[in-house]
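# Notes for the structure review
Chain residues, written in single-letter form:
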Amino acid sequence: MKIGILGPGRVGAALGKMWSLAGHDLALAGSQNPEKSQAVAHWIGGTAKAVSNAAVAELSEVILIAVPWWSITKTLQSTGDLSGKLLIDAMNPYAPGYAGRDPDLAKSVSVAETMAKWLPHSRIVKAFNTVPDAALTSELHHRGIAEAPGLRQPDGNKLPDSAPGPGEWPCLIAANDDSDVGMVETLVREIGFTPVRAGGLSRSILFELGGPLYGQRLGVDAIRQRLRDLPA
Ligand SMILES: NC(=O)c1ccc[n+]([C@@H]2O[C@H](COP(=O)([O-])OP(=O)(O)OC[C@H]3O[C@@H](n4cnc5c(N)ncnc54)[C@H](OP(=O)(O)O)[C@@H]3O)[C@@H](O)[C@H]2O)c1
């Protein structure tokens, strides 16, 4: 599959590396500095290449959006036509500098639904936003791969001992189209994680920053139980 990554940072680079190892073609864009995208493409290896924001839509069937929420408007302005593309939204609604939840986004509104409103001709799937970068790094280390140069996570992001280990992480997914969910489930399984369906896109509010399932560091069974305990 041809996969685009908008935002080849800690999350985008690690997922790109693992998808490349699973046999996918990667096109990277969205960095503020094109040289950084090139360095990540070189680290990923295989057929991965750095392209312009404008080219990522043209080259990709599925696009992971892993830029900070505060830069999404600017990113989309320079990205090509995303109509018909499956967009995996991995963002959490942080205010600039990760200073809490974006006060301009209503508490009852999710990033994923906002993206669907802005891009009505794209297929939005919420996924990967609950998987910490430390879990991705740990998965890479488990495979004997050092993280991309310059993208080491801050020490404060260390996982508690009780967190799932490599190959044990759940990945919550919300979307309105079952076949789109199925495609993302495959991409989740290919990197050794377990997909957990949360329901339609409106359910993403439950597991974005500010929701009851965000930042839980729970295993698959426990997160499924938490989902069942929440109102439908
Ligand atoms: N870190 C986590 O544990 C985690 C887990 C799940 C989801 N997320 C979400 O995934 C997204 C990416 O997180 P990350 O930890 O991978 O971030 P990151 O390492 O800082 O990477 C962000 C990427 O977005 C690019 N970018 C474009 N415009 C930017 C701007 N105005 N300011 C800063 N970066 C900009 C960066 O390019 P440059 O390098 O050129 O700045 C970089 O490639 C965020 O929405 C975050 O909420 C994070």
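Bear in mind that the values here come from a model prediction, so they are computed numbers and not experimental data.

### Let's talk about unusual backbone geometry
Its identity as a non-glycine residue notwithstanding, Tyr98 has a phi of 60°, on the positive side. Position of Tyr98 among the secondary structure elements: in the loop between β5 (86-89) and α5 (111-118). One non-glycine residue with positive phi stands out, namely Phe128, at about 70°. Along the chain, Phe128 turns up in the loop between β6 (123-127) and α6 (133-142).

### Points about the sheet that holds strand β4 (residues 62-65)
As a general point, the strands of a sheet are linked pairwise by backbone hydrogen bonds and lie either parallel or antiparallel. Ordered by their spatial adjacency, eight strands build an open sheet running β3-β2-β1-β4-β5-β6-β7-β8, and the pairing between neighbours is mixed. Looking at which strands have only one partner, the edges of the open sheet turn out to be β3 (49-50) and β8 (194-199). Relative to β3, strand β2 (residues 25-29) is paired through two bridges, and the arrangement is parallel. In the sheet register, Ala27 faces β3, and the bridge partner there is Lys49. Along the sheet, helix α1 (residues 10-21) contacts β1 (2-6), β2, β4 and β5; its crossing angle with β1, the most-contacted strand, is approximately 170°. With respect to the sheet, helix α8 (residues 220-229) is in contact with β7 (170-174) and β8, its orientation differing from that of β8 by roughly 5°.

### Remarks on α5
Taken together, the buried positions of α5 are occupied by Val111, Ala112, Thr114 and Met115. All buried residues of α5 project into a common sector of 160° when viewed along the axis, lining one side. Check the buried side of α5 and you find it contacts β4, α4 (72-77), β5 and β6.

### Description of the nonpolar core
Judged by nonpolar contacts, the single largest core of 40 residues is most densely connected at Trp19, Trp43, Leu64, Ile88, Phe128, Ile173 and Val184. Broken down by element, this core gets its largest block of residues, five residues, from α1.

### What about the environment of Pro132?
Its location among the elements puts Pro132 in the loop between β6 and α6. Among the residues examined, Pro132 registers a relative accessible area of 9% and is labelled buried. The contacts of Pro132, once residues within four sequence positions are left out, are Leu159, Trp169 and Arg217.

What counts, and where the lines are drawn
- Residues numbered from 1 in each chain as written.
- Predicted model: local features only at pLDDT ≥ 70, side-chain atom pairs only at ≥ 80, totals over all residues.
- Heavy atoms only, no water.
- Helix = DSSP H or I, 4+ residues; strand = E, 2+ residues; numbered from the N terminus.
- Pairing = 2+ DSSP bridges.
- Contact = heavy atoms within 4.5 Å.
- Axes fitted to C-alpha atoms, helices over the stretch in contact; angles between N-to-C directions.
- Buried < 20%, exposed > 50% of the residue type's maximum accessible area, 1.4 Å probe, protein only.
- Arc of directions from axis to C-beta.
- Core = buried A, V, L, I, M, F, W, Y, C linked by side-chain atoms within 4.5 Å.

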